[in-house]
Amino acid sequence: KLGQMHPLTARILSTAGVLYVRKGEYAKAESILKQTLEIREALRGKNHRNVAYTLSWLGEVYIRTERHDLAQTILERGLAIMEIHRLEDTTCGQP
């Protein structure tokens, strides 16, 4: 039994959320992606790459449902996380 707060549970939920976005079922997608975000933040921290991935799909939901201010906030947060990781990647192995 994996339980609610397991990385695989988050991955399965994320996949379901993305599928709902692609099907145009945005209310279901939003609910599932918010749940995924909560799990990933709790397990990995607020600046993990998987959190950014979830934020990008949640932002997509907000764009498609014309909640542009919310989309901008979410997508900017995801971008900031990815920028942190890009900088980490470019300095990896440097003294």
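Coordinates for the structure precede this section.
Rules used throughout
- Residues numbered from 1 in each chain as written.
- Predicted model: local features only at pLDDT ≥ 70, side-chain atom pairs only at ≥ 80, totals over all residues.
- Heavy atoms only, no water.
- Helix = DSSP H or I, 4+ residues; strand = E, 2+ residues; numbered from the N terminus.
- Buried < 20%, exposed > 50% of the residue type's maximum accessible area, 1.4 Å probe, protein only.
- Contact = heavy atoms within 4.5 Å.
- Areas by Shrake-Rupley, 256 points an atom, 1.4 Å probe, with all protein chains shown as cover.
- Lys, Arg positive; Asp, Glu negative; His and termini not counted.
- Charge placed at Lys NZ, Arg CZ, Asp CG, Glu CD.
- Expected span 1.5 Å × (residues − 1).
- Arc of directions from axis to C-beta.
- Axes fitted to C-alpha atoms, helices over the stretch in contact; angles between N-to-C directions.
- Parallel < 35°, antiparallel > 145°, perpendicular 65-115°, else oblique.
- Left-handed = near helix turned anticlockwise from the far one by under 90°.
- Nonpolar A, V, L, I, M, F, W, Y, C, P; charged D, E, K, R; others polar.

(A) Structural context of the overall build of the protein chain. Within the protein chain, the regular secondary structure consists of four helices and zero strands. When the helices and strands of the protein chain are read in sequence order from the N terminus, they spell out α-α-α-α. Based on the C-alpha atoms only, the size of the protein chain along its principal axes is roughly 50 × 40 × 20 Å. The 95 residues of the protein chain split such that 32% are buried. Look at the contacts in the protein chain between residues 6 or more apart in sequence, and 55% of them connect residues 24 or more apart. Accessible area of the protein chain: about 6100 Å², with a carbon and sulfur share of 56%. Computed over 14 positive and 11 negative side-chain charges, the inter-centroid distance for the protein chain is 8 Å.

(B) Highlighting helix H1 (residues 7–23). The first and last C-alpha atoms of H1 sit 24 Å apart over 17 residues, in line with the 24 Å expected at 1.5 Å per residue. Along H1, the residues that are buried comprise Thr9, Ala10, Leu13, Ser14, Gly17, Val18 and Val21. Down the axis, H1 shows its buried residues gathered within 165° of arc, on one side only. Counted as exposed and oriented over 90 degrees from the buried face of H1: Arg11, Ile12, Arg22 and Lys23. Residue glycine 24 follows H1 closely and has a positive phi angle near 80°.

(C) Structural view of the packing of H1 against helix H3 (residues 49–64). Contact geometry of H1 with H3 gives a least axis separation of 11 Å together with a crossing angle of 25°. Accordingly, the angle class assigned to the pair H1 and H3 is roughly parallel. In the packing of H1 onto H3, the handedness of the crossing is left-handed. Residues Ser14, Val18, Val21 and Arg22 of H1 lie in contact with H3, whose contacting residues are Tyr53, Trp57, Glu60, Val61 and Arg64. A class-by-class count of the residues in the contact of H1 with H3 yields five nonpolar, one polar and three charged.

(D) Quick look at H3. Here H3 spans 23 Å end to end across 16 residues, near enough to the 22 Å set by a 1.5 Å rise per residue. Within H3 the residues assigned to the buried category are Val51, Ala52, Thr54, Leu55, Trp57, Leu58, Gly59, Val61 and Tyr62. Phi for glutamate 66, located one or two positions after H3, is positive at around 60°.

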